[in-house]
Amino acid sequence: MISVIRVRFDTNNDANSVWSDELVRNWMQPLIPYSLGDFWWSSSWAIFSVEHTLYDPIVMTDPRLSAPPGNAAQRGALVQGAIDAATKLIAPDWDNTDIVLLWFAQPTDMFGGGTGTLPLRGGVTKQVNVTVVDIASPFDATCQELGHSFGLQHELDVNGTDYASPYSVMSARNGSVEFLRPADSRLPDGAAIKDPSDPFFNRPPQRVIGPALPAAQLYGNRGSGTARRSSMSPRTTRTTPPSSGSMPSTTE
Ligand SMILES: [Zn+2]
């Protein structure tokens, strides 16, 4: 189960910046063309579950403000801070959560390879993959970040350089095959792209569509057994205080 959590920082006074329940449900819903749910349902040939629960949005202080500097520490604080705030404010069903999808209502960050610690019933915890995207994230990049949480990696060339396949979402935004989909009132647009060097400058980022997932990725992925992590077998550990030296690594 993917738990979808919308987060608005208390410095963002525009409550309307939070995508509505209907918009997010449509975004996660298979069978709506160019929705996130449809992308992964069709792109994974239905191997990856896009079953999800949408929770009420939360408002919180940006946890990075009180965290140490450095990419790993800042991202670790963002993820765990949002999970801890959600636990307190809306008590998501973490026991049945396999992936946390954090969506931020202001430009915040974008990554998909990190993990977070969820407190479960009975005083145990489990680690799950966490996808972080925000209101300014392009659609194809959003697909890639959720792909990381399904256990997928970037494609490599023979020298080990990543983002190497123009034919795959896991190398998306390499400038080869993206296109702008037509407007669809059922789906979010996002906040206009601000980078003047972006080919889609000033366009709605959620309309930037990239390539699907090549079948070769599914072969490797099924072998690794990480993609279909089931809620039937959560990896649980006894609750221990987080050690300050072990921030989760993240992949963009
Ligand atoms: Zn990536």
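Residues numbered from 1 in each chain as written. Predicted model: local features only at pLDDT ≥ 70, side-chain atom pairs only at ≥ 80, totals over all residues.

### Considerations on the overall build of the chain
Across its full length, the chain holds five helices and nine strands. Tracing the chain from N to C terminus, the helices and strands come up as β-α-α-β-β-α-β-β-β-α-β-β-α-β. Classification of the 252 residues of the chain by burial places 39% in the buried group. The contacts of the chain with a sequence gap of at least 6 include a subset with a gap of at least 24, amounting to 70%. (Helix = DSSP H or I, 4+ residues; strand = E, 2+ residues; numbered from the N terminus. Buried ≥ 20, exposed ≤ 12 C-beta atoms within 10 Å, placed from the backbone. Contact = placed C-beta atoms within 7 Å.)

### Notes on the environment of Ile-99
Note on placement: Ile-99 falls in strand β4 (residues 99-104). By C-beta crowding, Ile-99 is classed as buried, having 23 other C-beta atoms within 10 Å. Here the alpha-carbon distance between Ile-99 and Asn-129, two residues 30 residues apart in the chain, equals 5.2 Å. Those residues in contact with Ile-99 that sit more than four places away from it in its chain are Ile-2, Val-128, Asn-129, Thr-131 and Ser-149.

### Some thoughts on the pairing of strand β5 (residues 111-119)
Judged from the seven bridges that link them, β5 and strand β6 (residues 124-134) form a sheet pairing that is antiparallel. Opposite Gly-114, over in β6, you have Val-130 as the bridge partner. Here β5 folds back onto β6, and the loop between the two strands holds four residues, one of which, Gly-122, carries a positive phi near 85°. (Pairing = 2+ DSSP bridges.)

### Quick look at the confidence of the model for the chain
Put simply, the chain has an average pLDDT of 89, and 87% of its residues get 70 or more. Taken as a whole, residues 223-247 scores under 50 in pLDDT and shows 31 contacts with residues more than four places along the chain or in a different chain. (pLDDT = per-residue confidence, 0-100.)

### Quick notes on the nonpolar core
Across soluble globular proteins, you tend to see nonpolar side chains buried next to one another. Within the largest apolar cluster, 47 residues are counted, with the highest numbers of intra-cluster contacts made by Ala-82, Val-100, Leu-101 and Leu-102. Considering every element that reaches this core, the biggest residue donor is β4, with six residues. Apart from the residues within four sequence positions on either side, Leu-102 is in contact with Ile-5, Val-7, Val-79, Ala-82, Val-130, Thr-131 and Val-132. (Core = buried A, V, L, I, M, F, W, Y, C linked by C-beta atoms within 7 Å.)

### Here we look at the pairing of β6
Across six bridges, β4 lies against β6 in parallel orientation. Note on β6: the bridge partner recorded for Phe-104 is Asp-134.

### Some thoughts on the packing of helix α2 (residues 36-43) against helix α4 (residues 139-149)
The description of two packed helices rests on the angle between their axes and on the distance between the axes. Close contact between α2 and α4 brings their axes to 10 Å; oriented N to C, the two are set at 55°. Judged on the interaxial angle alone, α4 and α2 are oblique. Classified by chirality, the crossing of α4 by α2 is right-handed. Judged by residue contacts, Leu-36, Phe-39 and Trp-40 of α2 engage Thr-142, Cys-143 and Leu-146 from α4. Residues that form the contact of α2 with α4 fall into these classes: five nonpolar, one polar and no charged. (Axes fitted to C-alpha atoms, helices over the stretch in contact; angles between N-to-C directions. Parallel < 35°, antiparallel > 145°, perpendicular 65-115°, else oblique. Left-handed = near helix turned anticlockwise from the far one by under 90°. Nonpolar A, V, L, I, M, F, W, Y, C, P; charged D, E, K, R; others polar.)

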